[in-house]
Amino acid sequence: MPKGLVYEGVQTEPIEYSGTTAAQSSVLQCFDELLGVKHEDKSRAFLTCMRSYMPPAHRKLIQDISVQPSLRDFVQQQANEYLNKAFDVCVSKLLAFRSYHINVVSRFITVPAARARQLRKNSQDSEGEIVSRAPTSLEERGTGGSGIMTFLKTVRDKTKDVFLPQTSK
């Protein structure tokens, strides 16, 4: 639906929505803001756009957190090794989630899409006809329309950047 979808009885002009994506999660964006994750411009723009799909109170919470100093800044000012370790555990958990998400997306979106693409290319029988009609939109792009693996890996890698520098005793 390149021009969007008309919701009969609601409006007369087509509306285009992004597909469901983890970028619409208020929780993940709250953690990013709280921990001080600074995304690259393109990723940040996409994440900010996805906030329009969130409940207004959630958007406001994320905005309120974003204008305050990050938890990372606060922890660094305290110069407390226990607090530093606790902060890094939080970052490592978010990082683990993001790595797991990459694996899930690979397993359930990119690998099946690549398999379907290969079947379309190699098949000439009746199975090929069915596969040739399968949607191709997720082969290179995520459900939110992003370059899926590049986006996910960039977001994960920017999360790594908020680990606190290790200090020697």
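Rules used in this analysis
Residues numbered from 1 in each chain as written. Predicted model: local features only at pLDDT ≥ 70, side-chain atom pairs only at ≥ 80, totals over all residues. Heavy atoms only, no water. Axes fitted to C-alpha atoms, helices over the stretch in contact; angles between N-to-C directions. Helix = DSSP H or I, 4+ residues; strand = E, 2+ residues; numbered from the N terminus. Parallel < 35°, antiparallel > 145°, perpendicular 65-115°, else oblique. Contact = heavy atoms within 4.5 Å. Nonpolar A, V, L, I, M, F, W, Y, C, P; charged D, E, K, R; others polar. Phe/Tyr/Trp six-rings, centres within 6.5 Å; stacked < 30°, edge-to-face > 60°. Buried < 20%, exposed > 50% of the residue type's maximum accessible area, 1.4 Å probe, protein only. Salt bridge = Lys/Arg side-chain N within 4 Å of Asp/Glu carboxyl O. Left-handed = near helix turned anticlockwise from the far one by under 90°. Polar contact = N/O pair within 3.5 Å; in protein donor to acceptor, adjacent residues only side chain to side chain. Core = buried A, V, L, I, M, F, W, Y, C linked by side-chain atoms within 4.5 Å.

- Per an unreviewed UniProt entry, the chain goes by the name Indoleamine 2,3-dioxygenase 1 and belongs to Ilyodon furcidens.

**Points about the packing of helix α5 (residues 81-122) against helix α7 (residues 148-160)**
Moving on, step 1. As a packed pair, α5 and α7 sit with axes 9 Å apart at the nearest point and diverge in direction by 170 degrees. If you check the angle between α5 and α7, you find them roughly antiparallel. Along its contact with α5, which presents Val-91, Leu-94, Leu-95, Arg-98, Ser-99, His-101, Ile-102, Val-105, Ser-106, Ile-109 and Thr-110, the element α7 presents Ile-148, Met-149, Leu-152, Lys-153, Val-155, Arg-156, Thr-159 and Lys-160.
Moving on, step 2. Considering only residue class, the contact of α5 with α7 consists of 10 nonpolar, five polar and four charged.

**Quick word on the packing of aromatic side chains**
For any two aromatic rings, the description comes down to two numbers: the centre-to-centre distance and the angle of the planes.
Moving on, step 1. Within the structure shown, the criterion is met by one aromatic pair.
Moving on, step 2. An angle of 80 degrees between the planes, with centres 5.1 Å apart, marks the rings of Phe-46 and Phe-151 as edge-to-face. With Phe-46 in helix α2 (residues 41-50) and Phe-151 in helix α7, this residue pair connects regions lying 105 residues apart in the sequence. For the pair Phe-46 and Phe-151, a shared accessibility class is recorded, and that class is buried.

**Describing the pattern of salt bridges**
Moving on, step 1. A complete count under the given rule lists seven salt bridges for this structure.
Moving on, step 2. One salt bridge in this structure joins Asp-64 and Lys-60, with 3.0 Å as the shortest N-O distance. Of this pair, Asp-64 and Lys-60 are both found in helix α3 (residues 56-66), four residues apart, which corresponds to roughly one turn of the helix.
Moving on, step 3. Asp-64 gets classed as partly exposed once you look at its relative accessible area, which sits at 37%.
Moving on, step 4. Since its relative accessible area comes to 51%, Lys-60 is described here as exposed.
Moving on, step 5. The salt bridge involving Arg-156 is made with Asp-157; its shortest N-O contact spans 3.1 Å.

**Overview of the packing of helix α4 (residues 71-78) against α5**
Axes are the key here: two packed helices are described by the angle between their axes and the distance separating the axes.
Moving on, step 1. Taken N-terminus to C-terminus, the directions of α4 and α5 make an angle of 155 degrees; their axes are 8 Å apart at the nearest point. With respect to α5, the axis of α4 lies roughly antiparallel. Read as a crossing pair, α4 and α5 show a hand that is left-handed. Taken together, the residues of α5 that come into contact with α4 (itself represented by Leu-71, Arg-72, Phe-74, Val-75 and Gln-78) are Leu-83, Asn-84 and Phe-87.

**Let's talk about the environment of Ser-26**
Moving on, step 1. With respect to the helices and strands, the residue Ser-26 is situated in helix α1 (residues 26-35).
Moving on, step 2. Exposure remark for Ser-26: the relative accessible area of 12% places this residue in the buried category.
Moving on, step 3. Here the alpha-carbon distance between Ser-26 and Met-50, two residues 24 residues apart in the chain, equals 9.5 Å.
Moving on, step 4. Beyond its immediate chain neighbours, meaning those up to four positions away, Ser-26 contacts Met-54, Pro-55, His-58 and Ile-62.
Moving on, step 5. Looking at Ser-26, its side chain comes within polar contact range of the side chain of His-58, at 2.8 Å.

**Thoughts on the nonpolar core**
Moving on, step 1. Ala-23, Phe-46, Leu-47, Met-50, Ile-102, Val-105, Ile-109, Ile-148, Met-149, Phe-151, Leu-152 and Val-155 form the largest nonpolar core, which has 12 residues in total.
Moving on, step 2. Contributing elements (two or more residues each) for this core: α2, α5 and α7.
Moving on, step 3. Among the elements that take part in this core, α7 stands out by supplying five residues, more than any other.
Moving on, step 4. Counting residues in hydrophobic clusters, the runner-up holds nine residues, among them Phe-87, Val-91, Leu-94 and Val-162.

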